[in-house]
Amino acid sequence: MQTEQNSCRHLLVGQSGGPTAVINSSLAGIIEEAGLHPESFDKVIGMVNGIAGYLDGDKIDLSLLSTEDRQLLKTTPAAYLGSCRFQLPNNYKDEVYERLFDKFEEDKVGAVLYIGGNDSMDTVDKLTRAGISRGSDICFIGVCKTIDNDLCLTDHTPGYGSAAKYVASAVRQMVLDSEVYKVDSVLIIEIMGRQAGWLTASSALARKFVGDNPALIYLPEVDFDIDDMTRKVKDLLKQRHTVCVCVSEGIHDAGGRLVCEMSRDMHTDTFGHKQLAGCGKVLETEIRNRLGVKVRSVELNTPQRASAVEASLTDVDEAFGCGRKGVELAIAGESGLMVGIRRVSSQPYLIEYTGVPVNQVCNQDRNFPVEWITDGGCNISDRFLTYARPLIQGESRPPFENGLPTFLYRDISHDKL
């Protein structure tokens, strides 16, 4: 969709959903690119805590950030503006849209850029449709992000490369630690991934040679059989002292029952998604009881998405590029699009930024290709390694002071404009 862009209006930007190590790099890219086009946007306003915070009047002037602050923003993890999980209603005549578009008009908003994953793209799509129904000329653009790498119409998502790099690095280090004793043991590592196994698959990058740990990798794209896994672990322990098993938090049996449901009741978020965790502990207990060996389970949890110290430089740069592309699309008068990444070549690695219809992205899931899952559902093919290795290249470290990383912190006492 294309619309005429009013000149010298404000650009409004927000962050939503789960943070990543590079979501702020996209924000920095937006601020940078908008600053190069004062004829289109004379100010960049940040929503504090996403669309929900904006409804409450929480916003800041991002144009006031210095050059040094914007550079520091690129290597700061989490969401500088804060985030939310807020679902807009399907009824575009709902009063919440009246409030939003009144605020857009009051703030002289010419374009809205929303950085996030699947649910955030749902917000962009609904705002686009609500804008059309009102005859609004505001441009609505989504900027993709998610460590899950499960958005459609993009080769990969900013945030995934750094999370994959962290997972592979952490697994490699934990495997080395687990192998120091000449005692039969099993290490189970639980990795984020509700419905898509992209992040757990990245544990295969930790291997130094064929047959190295992690010996078994299980993704939610295939049914999980605990009896079969136990047999495989038992056979592997005849060949080595330590067996490392990496599992997605969302693995389930043939009946669809989540392994983690065997340990505790599930809670859901505002979008109705089950909040998953605990399958590693379930498997730890089962393997210990069945095989009588030393077992330890580790849940990587939040560091997977928060470790800017081990971020991929490729990921940081591409997140920044996605932010810039979002501004370019808005200046061109485009609306109802998400910034995506198209891979031109893997060797050498080349990509280009594109705009794809956001209504074909939201509420869809891109699962890990089942043809890349091998050995009866417990291993990953080399095709994935070819895909993933370019995404983890390069090191992007924040500046350090007194031995610790330095990040950009928002002064919450000055949030409201």
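The rules behind each value
- Sequence positions are assigned chain by chain, starting from 1 and proceeding in written order.
- The model is predicted, so local features are restricted to residues of pLDDT at least 70 and side-chain atom pairs to those at 80 or more, both for listing and for counting; the totals for chains, interfaces and linings are taken over all residues.
- Only hydrogens and water are removed before side-chain values are computed, so all heavy atoms of the structure are retained for them.
- The helix and strand labels rest on DSSP assignments: H or I over at least four residues marks a helix, E over at least two residues marks a strand, and numbering proceeds from the N terminus.
- Only the C-alpha atoms count toward the radius of gyration. The rule for a globule is 2.2 Å times the residue count to the power 0.38.
- Contacts are assigned to residue pairs that have any heavy atoms within 4.5 Å of one another.
- Using the Shrake-Rupley algorithm and a 1.4 Å probe, accessible areas are obtained, with residue cover drawn only from the displayed protein chains.
- One requirement defines pairing of two strands: DSSP has to find at least two bridges between them.
- Simply put, an axis is a line fit to the C-alpha atoms, just over the touching stretch for a helix, and the angle between two N-to-C directions goes from 0 to 180 degrees.
- Each patch is built from salt-bridge-free residues with over 30% relative accessible area, joining like charges within 9 Å and nonpolar side chains (Val, Leu, Ile, Met, Phe, Trp, Tyr) within 5 Å.
- When a carboxyl oxygen of Asp or Glu lies within 4 Å of a side-chain nitrogen of Lys or Arg, that pair is called a salt bridge.
- Burial classes follow relative accessibility: with a 1.4 Å probe on protein chains only, a residue under 20% of its type's maximum area counts as buried, one over 50% as exposed, and anything between as partly exposed.
- By convention a nonpolar core is built from buried Ala, Val, Leu, Ile, Met, Phe, Trp, Tyr and Cys residues, the set being connected through side-chain atoms within 4.5 Å.
- One less than the number of residues in a helix, times 1.5 Å, gives the span that helix is expected to have.
- What sets the label is the angle itself: under 35 degrees gives roughly parallel, over 145 gives roughly antiparallel, 65 to 115 gives roughly perpendicular, and the rest give oblique.
- If you view the pair so one helix is near and one far, a crossing is left-handed when the near helix is turned anticlockwise from the far one by less than a right angle, and right-handed when it is turned clockwise.
- Each residue is assigned to one class: nonpolar for Ala, Val, Leu, Ile, Met, Phe, Trp, Tyr, Cys and Pro, charged for Asp, Glu, Lys and Arg, and polar for all the others, Gly among them.

Asks: Can you walk me through the overall build of the protein chain in this structure?
Replies: Within the protein chain, the secondary structure is distributed over 12 helices and 19 strands. For 417 residues, the compact-globule formula gives about 22 Å, and the C-alpha radius of gyration of the protein chain, at 22 Å, lands near that figure. In terms of overall dimensions, the protein chain has a C-alpha envelope of 70 × 45 × 45 Å along the principal axes. Counting contacts in the protein chain only where the partners sit at least 6 residues apart, residues at least 24 apart contribute 77% of the total. Working note: accessible area of the protein chain is about 17500 Å², and carbon and sulfur atoms make up 48% of it.

Asks: So what exactly am I meant to see when it comes to the sheet that holds strand 1 (residues 9–15) here?
Replies: By definition, the strands of a sheet pair up through backbone hydrogen bonds, in either a parallel or an antiparallel sense. Strands sit in the order 3-2-1-4-5-13-14 across an open sheet of seven strands; the sheet is mixed. Every interior strand has two partners, whereas the edge strands, strand 3 (59–61) and strand 14 (349–357), have only one. The sheet shows a mean angle of 30° between the axes of neighbouring strands, direction not considered. Across the face of the sheet, helix 1 (residues 23–35) comes into contact with strand 1, strand 2 (41–47), strand 4 (109–116) and strand 5 (139–144) while running at roughly 175° to strand 1.

Asks: Would you explain a nonpolar patch on the surface in this entry?
Replies: Taken together, the side chains of Val180, Tyr181 and Val183 define a hydrophobic patch exposed on the protein surface, amounting to about 320 Å² of accessible area. Locating Val180 in the fold gives a position in the loop between helix 6 (160–178) and strand 6 (185–191). Taking the relative accessible area as the measure of exposure, Val180 reaches 56% and is therefore exposed.

Asks: Help me out: how do you make sense of the nonpolar core in this one?
Replies: Grouped burial of nonpolar side chains is what soluble globular proteins tend to show. Judged by nonpolar contacts, the single largest core of 62 residues is most densely connected at Val13, Leu62, Phe104 and Leu113. Beyond its immediate sequence surroundings of up to four residues, Leu113 is in contact with Leu11, Leu12, Val13, Gly14, Ile30, Ile141, Val143, Gly323, Gly326, Val327 and Ala330. One finds Trp198, Ala201, Ala204 and Ile217 within the second-largest nonpolar core, a separate group that totals 37 residues.

Asks: Looking at this structure, how should I read the sheet that holds strand 11 (residues 294–299)?
Replies: The parallel open sheet is built from four strands, whose spatial order is 7-8-6-11. Each edge of the open sheet is held by one strand with a lone partner, namely strand 7 (216–218) and strand 11. Each neighbouring strand pair of the sheet contributes to a mean axis angle of 15°, computed without reference to strand direction. Against the sheet, helix 6 touches strand 6, strand 8 (242–248) and strand 11, its axis set at about 165° to strand 6.

Asks: It is not clear to me how the side chain of Ser203 should be interpreted in this structure. Could you clarify?
Replies: Residue placement: Ser203 occurs in the loop between helix 7 (198–201) and strand 7. Once residues within four sequence positions are removed from consideration, Ser203 is found in contact with Val167, Val171, Ile191, Pro214, Ile217 and Cys246.

Asks: When you look at helix 1 in this model, what are you seeing that I'm missing?
Replies: Since the α-helix advances by 3.6 residues per turn, residues separated by three or four positions end up pointing in the same direction. Counted at 1.5 Å a residue, the expected span for helix 1 with its 13 residues is 18 Å, and the 19 Å between its end C-alpha atoms agrees. For helix 1, the tally of buried residues reaches 11 of 13 residues, placing the bulk of the element in the interior. Buried residues belonging to helix 1 abut strand 1, strand 2, helix 3 (67–73), strand 4, strand 5 and helix 11 (313–331).

Asks: Even after reading the chapter, I still don't get the packing of helix 8 (residues 226–236) against helix 9 (residues 279–291), so can you show me in this structure?
Replies: Two numbers describe a pair of packed helices, the interaxial angle and the distance between the axes. At a minimum axis separation of 11 Å, helix 8 and helix 9 run at an interaxial angle of 60°. Classified by the angle their axes make, helix 8 and helix 9 are oblique. By crossing handedness, the relation of helix 8 to helix 9 is classed as right-handed. Contact with helix 8, carried on its side by Ile226, Asp227, Met229, Thr230, Val233 and Lys234, involves Leu283, Glu286, Ile287, Arg290 and Leu291 of helix 9 and no other residues of that element. Its residues assigned to classes, the contact of helix 8 with helix 9 comprises six nonpolar, one polar and four charged.

Asks: Looking at this structure, I do not really get the pattern of salt bridges. What am I missing?
Replies: A side chain with one charge can pair with a side chain of the opposite charge if their charged atoms come near. Taken as a whole and judged by the stated rule, the model has 20 salt bridges. The partner of Arg324 in a salt bridge is Glu33, with the nearest N and O atoms 2.6 Å apart. With Arg324 in helix 11 and Glu33 in helix 1, this pair connects stretches of sequence that are 291 residues apart. Overall, Arg324 belongs to the partly exposed group, its relative accessible area being 29%. With its nearest N and O atoms 3.6 Å apart, the salt bridge here joins Arg231 to Asp228.

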